[in-house]
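Descriptive analysis of the structure
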Amino acid sequence: MALTGSTTEQKIWNYLYGKLGNTYGAAGLMGNLYAESALEPTNLQNSYESKLGFTDDTYTQAVDNGEYTNFASDSAGYGLAQWTYSTRKAGLLSFAQSEGKSIGDLEMQLDYLMKEMQSSYSSVLSTLKSATTILEASNAVLTKFERPADQSTTVQNKRAGYGQTYYDKYATTTKGADSSMSNSSLVAYTNITKTQKTSPRTHTIDTITIHCVVGQWTAKQICDYFANTDRNASCNYGVGKDGSIGLCVDEADRSWCSSNAANDHRAITIETASDTSSPYAVTTAAYNALIKLVADICKRNNISKLVWSTDKNTRVNHLNGANMTVHRDYASKSCPGDYLYNKMGDIASQVNALLGSSDNTSSSDETTTSATTNTSYPATPFKVQVLISDLNIRKGAGTSYATTGKYTGKGTFTITEVSNGWGKLKSGAGWIYLENASYVKILSTTSTSTTVTHTVVKGDTLSAIASKYGTTVAKIVAANKSKYSTLTANYILVGWVLTIPQS
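Quick summary incoming for the structure in this document. Predicted, not measured: the structure shown is a model, and the values here were computed from it.

1. Concerning the overall build of the protein
If you tally the helices and strands in the protein, you get 17 helices and 17 strands. Across its three principal directions, the C-alpha atoms of the protein cover 90 × 50 × 40 Å. Considering the protein as a whole, with its 503 residues, one finds that 52% of them fall into the buried category. Pairs at least 24 apart in sequence give 65% of the contacts found in the protein among residues at least 6 apart. Accessible area for the protein stands at about 21200 Å²; split by element, carbon and sulfur atoms hold 49% of it.

What follows is the structure, given as structure tokens:
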């Protein structure tokens, strides 16, 4: 991202805090950089100036124009971090050339510094993002990244003292005013697109827009794709199938993601790894990481509560507090797919729990007051109240079944069978999703034995099924042993339809 600030030290602080999201980490790293180079990106190690016959500026110029070719092997410390080892200096030179920048360019060196952290010093980067004191962060850089000969307590305290100076100068204003333009500390991989973005964004961040990638990719694959595509597309973050999180466009900049410039100027856009066919389901790891990422974004951008509405007009006009939008709002696309679309209320609920706000995550134009999950159902038949106008009716119990092309509309309906959180309509029209309490209210409170069933799918375990339905493994085994004689607490088969006893 473009450096911001009126002085070199302010630009460095803003950059480091933006990457780390932690004032202690930024201060600890910056104190070490000051000790190494006085924050001068063209700094040539003093003892080598006379030895090589160069000043800071003439050395930098000679390397840039190719007159001096021994940069990597001359053992002279150079730049912000005083890179010295041949492999690291060779990497710095190669990176500068690939960026078309001078070897002494400040932004290039900061980018290379973070690249090194991510690829070769991940433990240091992790400490910088999570440190709770300046000394902790400073010592991680001193002993594991810079590694000078003298790492004594005196040196440790001195470098932490430099960091304290910058912390006192910038930390308070950073937390109060600049945090909305920082990036998530959850990021494990960064590959910023050079052209597929608008810098800077023109609106305060107040919206979340979640997309599906249509591919079970890692965060690295997502970032690398958008960094190299010629499709005029990008996103702020990518969430991989394995739960990894990547940064593709800095939060300070607008991504090109939702077919609507106004939305993307105010929204953080997130591409999530998904299946390649409808309903474009995502893995559990990706879903959990997505929730953590969204919560982190909200915390740093002063979004105190996430509000989802099933009404498009409410979403796009940000009525009644709604601050979640989807790609299909602005273009004729299925994105984010029915899987994620149907879970937006749950995403809002889980994020709000992490934010410490109330669980009312639906806009006030809907009658629901809770976004909790329906996990227990009365004996069939029972009645439900559908709270939204566009609840899909499907041909079977699950998003793997096609929609019928019709919606229930708001109203009261009778359910004759329950399976995997889906209910079969008495009318015979099909199945509707029951688990999201933002969509459906269970009207009956009967707590007698039920006909709730669960069809075992790949990856299921009895303990997970028991937890899902609020019962125990022993009760499930007892209820189904006569039907499946080989059933044990540790053995089930895909395709078995288990009766789920209710507490």
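2. Quick look at the environment of A478
Mapped onto the elements of the fold, A478 is located in helix α17 (residues 473-480). Placed 21 residues apart in sequence, A478 and T499 show a C-alpha to C-alpha distance of 9.9 Å.

3. Structural notes on the sheet that holds strand β5 (residues 245-247)
Ordered by their spatial adjacency, six strands build an open sheet running β1-β5-β4-β7-β3-β8, and the pairing between neighbours is mixed. Every interior strand has two partners, whereas the edge strands, β1 (189-190) and β8 (324-325), have only one. Pairing analysis gives two bridges linking strand β3 (residues 207-212) to β8, with the strands arranged parallel. The residue of β8 that forms the bridge with I208 is M324.

4. With respect to the environment of C257
Considering the arrangement of structural elements, one finds C257 in the loop between β6 (254-255) and α11 (261-266). According to the relative accessible area criterion, C257 is buried, its value standing at 8%. The spatial distance from the C-alpha of C257 to the C-alpha of K197 is 9.2 Å, given a sequence separation of 60 residues. The contacts of C257, once residues within four sequence positions are left out, are H211, S234, C235, D264, T269, E271 and H327.

5. Thoughts on the pattern of salt bridges
Applying the stated criterion across every chain yields a total of 14 salt bridges. Note that D250 and K19 form a salt bridge whose closest N and O atoms lie 3.5 Å from each other. Here the residue D250 occupies a position in the loop between β5 and β6, and K19 occupies one in helix α1 (residues 8-20), the gap between them amounting to 231 residues. Among the charged side chains, a salt-bridge network with shared partners connects E251, D296 and R300.

6. Overview of α1
Relative to the 18 Å expected for 13 residues at 1.5 Å per residue, α1 spans 18 Å between its end C-alpha atoms, a close match to the ideal helical length. The element α1 is largely enclosed, with a buried count of ten among its 13 residues. Turning to α1, its buried residues are E9, I12, W13, N14, Y15, L16, Y17, G18, K19 and L20. After α1 finishes, the residue G21 shows a positive phi value of roughly 65°.

7. Some details on the packing of aromatic side chains
Enumeration over the complete set of coordinates arrives at 20 aromatic pairs. Their ring planes at 10° and their centres at 5.2 Å tell us that Y24 and Y167 sit as a pair that is stacked. Here the residue Y24 occupies a position in helix α2 (residues 23-37), and Y167 occupies one in helix α9 (residues 153-178), the gap between them amounting to 143 residues. Residue classification places Y24 among the partly exposed residues on the basis of a relative accessible area of 26%. Among the residues examined, Y167 registers a relative accessible area of 17% and is labelled buried. On the basis of an interplanar angle of 70° and a centroid distance of 4.8 Å, the ring pair of Y34 and Y162 is categorised as edge-to-face. Of this pair, Y34 sits in helix α2 while Y162 sits in helix α9; the two residues are 128 residues apart in sequence, bridging distant segments of the chain.

8. A word on the packing of helix α5 (residues 86-99) against helix α6 (residues 106-120)
Contact geometry for α5 and α6: axes closest at 10 Å, N-to-C directions at 125°. Classified by the angle their axes make, α5 and α6 are oblique. As α5 packs across α6, the resulting crossing turns out to be right-handed. Listed contacts from α6 to R88, G91, L92, F95 and A96 of α5 are M108, Q109, D111, Y112, K115 and E116. Within the contact of α5 with α6, the residues separate by chemical class into five nonpolar, two polar and four charged.

9. What to know about the state of the cysteines
Tallied over the entire structure, the rule returns zero disulfides. For C223, which is in no disulfide, the shortest distance to another cysteine sulfur is to C248 and amounts to 3.1 Å. In this structure C223 comes out as buried when scored by relative accessible area, which is 0%.

Reading guide: rules and limits
- Residues numbered from 1 in each chain as written.
- Predicted model: local features only at pLDDT ≥ 70, side-chain atom pairs only at ≥ 80, totals over all residues.
- Heavy atoms only, no water.
- Helix = DSSP H or I, 4+ residues; strand = E, 2+ residues; numbered from the N terminus.
- Buried < 20%, exposed > 50% of the residue type's maximum accessible area, 1.4 Å probe, protein only.
- Contact = heavy atoms within 4.5 Å.
- Areas by Shrake-Rupley, 256 points an atom, 1.4 Å probe, with all protein chains shown as cover.
- Pairing = 2+ DSSP bridges.
- Salt bridge = Lys/Arg side-chain N within 4 Å of Asp/Glu carboxyl O.
- Expected span 1.5 Å × (residues − 1).
- Phe/Tyr/Trp six-rings, centres within 6.5 Å; stacked < 30°, edge-to-face > 60°.
- Axes fitted to C-alpha atoms, helices over the stretch in contact; angles between N-to-C directions.
- Parallel < 35°, antiparallel > 145°, perpendicular 65-115°, else oblique.
- Left-handed = near helix turned anticlockwise from the far one by under 90°.
- Nonpolar A, V, L, I, M, F, W, Y, C, P; charged D, E, K, R; others polar.
- Disulfide = S-S within 2.5 Å.

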